[in-house]
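Geometric and topological summary
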Amino acid sequence: MATVTFDHATRVYPGTERPAVDQLNLEIEDGEFLVLVGPSGCGKSTSLRMLAGLEDVNGGHIFIGDRDVTDVQPKDRDIAMVFQNYALYPHMSVADNMGFALKIAGTPKAEIRQRVEEAAKILDLTEYLDRKPKALSGGQRQRVAMGRAIVRQPQVFLMDEPLSNLDAKLRVQTRTQIASLQRRLGVTTVYVTHDQTEALTMGDRIAVLNHGVLQQVGTPREMYDRPNNVFVAGFIGSPAMNIGTFDVKEGVVKVGSADVPLERSIASGMTDADSGKVTLGFRPEALDVVPVGTPGSFDVEVNLVEELGSDAFVYGTLKGDTDLNLTAGETNQLIVRIDPRSVPDKGDVIAVSIQAGHSHVFSATTGERLG
Amino acid sequence: MSTTQPAVAPTAVPPQSGVTERARKAKKRLTSPWASGIAVIIAIAWTVPTFGLLVTSFRPELDIRRSGWWTVFGDAFAGEGVFSLRNYESALFDSSTNLIDYFVNSLVITLPAVFIPITVALLAAYAFAWIDFKGRDILFVAVFALQIVPIQITLIPLLSAYVRTGINGTFWPIWLSHSMFALPLAIFLLHNFMRDIPSSLVEAARVDGAGHVKIFFSVMLPLLTPAIAAFAIFQFLWVWNDLLVGLVMGSTSTSPLTVRVAEMAGSRGGDWHVLSAGAFISILVPLIVFLALQRYFVRGMLAGSVKG
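Residues numbered from 1 in each chain as written. Chains lettered and ligands numbered in written order. Predicted model: local features only at pLDDT ≥ 70, side-chain atom pairs only at ≥ 80, totals over all residues.

1. Quick word on the overall build of chain A
Along the backbone of chain A there are 9 helices and 21 strands. Each principal axis of the C-alpha distribution contributes one length, and for chain A these read about 80 × 45 × 35 Å. Across the 371 residues in chain A, those meeting the buried criterion constitute 46%. By sequence separation, contacts in chain A at least 24 residues apart represent 68% of the contacts at least 6 residues apart. (Helix = DSSP H or I, 4+ residues; strand = E, 2+ residues; numbered from the N terminus. Buried ≥ 20, exposed ≤ 12 C-beta atoms within 10 Å, placed from the backbone. Contact = placed C-beta atoms within 7 Å.)

Right, here's the structure in full:
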């Protein structure tokens, strides 16, 4: 068990200008489950591989516990890693795969057998111990990869998108298994994923990266309720947050026909460079459907209704928003969560208002949170 | 349900009927009675002389002089055809031919000439594939470029070097020459096989605590068995059938079978009974090697290592 510390850790790939990971500062507590999340190419896997020793560190330091491991070989770091494609040794049986690290370390045979069997019991692999990996299903292979990590009883688990090769149903199931297993073993874990749902459901804390730069670290609740900037706001949450840039006049934000009041403390954070605009974000569930014409509401033309049973989401366009600057995630539409019992038809116009205190205001130029 | 699945691409699998339709079309396009006919003719044209040699080698000397090998079938029906092992006996053990000594020579030459280049090439290929060092790519291209150099150009410089070092007349010049000529291709082939092994396997082994030596022996070698076997077969056949190197680099005491059989064809052109038996003795070993190891050509061992 140990803490993990990234201290201004930087990785620049040879032949590139921009660092893949830029001055990463991150402290991971003993026994914590930290999820690194971000879009592809954001440097999350590189960060993990730097911690594993598979990638050189060009600047800064990495510590495991109090030990500086920046230039230590992977084999001497006392870590175990689960790879995205599992990387099982195809010519070895499941038991040999799981015991390989112990065998190299010179552990007595009887002890290897005992530890492998314990891990196999935890992961429900006992009956497969003598099989080769090719005789296993995808889910079983994934569990063998987990088992290989558990058997070592390392100081830190590193997991590089271990679920992305499973089908959707198995992924959800394995997600909870890994999370509960980690809580039980209490081993510090760094987990990389591009899936923000995985991040929110599994992590004690989440670290969001973009373009090699750490955007925000916090508990899933903090990340969801108080994103530090526009990127985090748009990345965390599904369906995504509605984000748009609007004019501010006389202390109110003009969203379509509605005036959304802006707190004085927030308004004072605006600079001249913003030229009287702010970026406003509000989640689909922060919108209430109200009768058309209600003061403080704006009109939305319904393009599509997505019904999920427990919820329903309207994808629509803000009336009068001709340049479509209000977007949610990848769509250039506005998303509203509505009562699944009374859904509007395509083409209808509904009026919605933003619940007080449930909007997020960001600087129009820097994208940083205001107030 | 995870709600941020990657967007599902338009389904790439056509409906079942489409697949069978395509299979039918492909079969139609790939099979042609003409092509099959030509293939059969080529196969026959290649096999008939060898088969004739085989039959001849079992016929008594007088019969060989008197009639062609194909008459043997008619004679066999009439109950007159005679087969004997006498030719093999005289080819192997008669003091004038004495092929058994040359057979041993061939084995003594071939085994090290296969073992040495594979050992060296495995180490070199591992370094080229998995160890990052300065100038690696340039060196790799340079090594493979040596493949361009024709063997004939190297004969005289090599031979004079062997004479100077005083190893001339032993088996060493032959072993070394065969190893040198094999290395560029061996390194290239084995390097490509090693690169095909997923890098995450090597990384997993590194995280598991393995150094280069351990990775080489515990992870690479078992996975490379098919590649090593394939190359070993090629190299074995090449060295066993080689005449040039054995003739130029060797002395009378180190001549392989091929050199001796060639000599017999020159000096004893009339003795068909001994020649045909000798030729078959030299074919026998490659045939056994190929049949015994051919399964390595087809078997892939990577199945199951990473998610396919």
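2. Section: the overall build of chain B
On a plain count of helices and strands, chain B comes out with 15 helices and 0 strands. Split into buried and exposed, the 308 residues of chain B put 27% on the buried side.

3. Thoughts on the sheet that holds strand β20 (residues 349-354) of chain A
All names here are of chain A. Read across the open sheet, the 5 strands follow the order β15-β20-β16-β17-β19; overall the sheet is antiparallel. Looking along the sheet, the strands with just one partner apiece sit at the ends: β15 (287-290) and β19 (334-338). The average undirected angle you get between the axes of adjacent strands in this sheet is 50°. Sheet analysis places β15 next to β20, joined by 4 bridges and oriented antiparallel. Opposite Asp 288, over in β20, you have Ser 353 as the bridge partner. (Pairing = 2+ DSSP bridges. Axes fitted to C-alpha atoms, helices over the stretch in contact; angles between N-to-C directions.)

4. Regarding the domain arrangement of chain A
Many analyses report the size of an interface as the accessible area lost when the parts associate. Residue and element names in this part refer to chain A. Its domain assignment divides chain A into domain 1 (4-234) and domain 2 (240-363). With centres defined by C-alpha atoms, the gap from domain 1 to domain 2 works out at 38 Å. Facing 5 residues of domain 1, the contacting portion of domain 2 comprises 8 residues. (Domains from an automatic or database assignment.)

5. With respect to the interface of chain A and chain B
Of the residues lining the interface, 33 residues belong to chain A; the matching set on chain B comes to 27 residues. For the side of chain A that touches chain B, the elements supplying multiple residues, two or more each, are β6 (79-82), α2 (94-105), α4 (138-151), α5 (168-185) and α6 (196-202) of chain A. Counting residues per element, the side of chain A that touches chain B draws most heavily on α2 of chain A, at 4 residues. Residues that form the side of chain A that touches chain B fall into these classes: 19 nonpolar, 7 polar and 7 charged. (Nonpolar A, V, L, I, M, F, W, Y, C, P; charged D, E, K, R; others polar.)

6. Points about helix α8 (residues 151-165) of chain B
All names here are of chain B. In this model, α8 (15 residues) spans 21 Å end to end at C-alpha, consistent with the 21 Å of a helix rising 1.5 Å per residue. Counted residue by residue, α8 has 0 buried out of 15 residues, so it is predominantly exposed. Positive phi appears at Gly 166, one or two residues downstream of α8, with a value of about 80°. (Expected span 1.5 Å × (residues − 1).)

7. Overview of the domain arrangement of chain B
Residue and element names in this part refer to chain B. Taken domain by domain, chain B holds domain 1 (32-84) and domain 2 (99-298). Between domain 1 and domain 2, the C-alpha centre-to-centre distance is 34 Å. In this assembly, 6 residues from domain 1 lie in contact with 6 residues from domain 2. Those elements that place two or more of their residues in the side of domain 1 that touches domain 2 are α2 (33-57) and α3 (61-66). Looking at the side of domain 1 that touches domain 2, the element that brings in the most residues is α2, giving 4 residues.

8. Digging into the nonpolar core
Of all hydrophobic cores here, the largest spans 135 residues; its most connected members are Met 81, Leu 158 and Val 190 of chain A together with Ala 125 of chain B. Looking at this core, the element that brings in the most residues is helix α6 (residues 99-130) of chain B, giving 7 residues. Excluding residues within four positions of it along the chain, Val 190 of chain A makes contact with Val 4, Ile 28, Leu 34, Leu 36, Leu 48, Leu 51, Val 156 and Leu 158 of chain A. By size, the runner-up hydrophobic cluster in this structure holds 10 residues, among which are Tyr 102, Val 274, Ala 277 and Ile 281 of chain B. (Core = buried A, V, L, I, M, F, W, Y, C linked by C-beta atoms within 7 Å.)

9. Remarks on the environment of Pro 286 of chain B
All names here are of chain B. Counting through the fold element by element, Pro 286 comes out in helix α14 (residues 272-293). Exposure remark for Pro 286: the 16 C-beta atoms within 10 Å place this residue in the partly exposed category. Separated by 53 residues in the primary sequence, Pro 286 and Ile 233 place their C-alpha atoms 8.6 Å from one another. Other than its neighbours up to four places away in sequence, Pro 286 contacts Leu 237, Trp 240 and Asn 241.

10. Thoughts on the sheet that holds β6 of chain A
Residues and elements named next belong to chain A. On the basis of which strands lie adjacent, the open sheet formed by 6 strands has the order β6-β7-β8-β3-β9-β10 and mixed pairing. The open sheet has two edge strands with one neighbour each: β6 and β10 (213-218). Ignoring which end each strand starts from, the neighbouring axes of this sheet average 15° apart. Contacts between α4 and the sheet are confined to β6 and β7 (156-160), with β6 contributing the most and set at about 175° to the helix.

11. Side note on the pairing of strand β14 (residues 277-282) of chain A
All names here are of chain A. Across the 6 residues that make up β14, a large majority, 5, are buried. Examined bridge by bridge, strand β11 (residues 242-249) and β14 share 6 bridges and lie antiparallel to one another. Directly across from Thr 245, in β14, lies its bridge partner Thr 279. Pairing of β14 with strand β21 (residues 359-363), which is carried by 5 bridges, proceeds in the antiparallel orientation. Counted as the bridge partner of Leu 280 is Val 361 from β21.

12. Focus: the packing of α2 of chain B against α14 of chain B
All names here are of chain B. Orientation of α2 relative to α14, taken along the N-to-C sense of each, is 120°, at an axis distance of 8 Å. In terms of axis orientation, α2 runs oblique to α14. When the axes of α2 and α14 are compared, the crossing they make is left-handed. Where α2 approaches α14, its residues Leu 53, Leu 54, Thr 56 and Ser 57 are matched on the opposing element by Trp 272, Ser 276, Ala 277, Ala 279 and Phe 280. In terms of residue class, the contact of α2 with α14 is built from 6 nonpolar, 3 polar and no charged. (Parallel < 35°, antiparallel > 145°, perpendicular 65-115°, else oblique. Left-handed = near helix turned anticlockwise from the far one by under 90°.)

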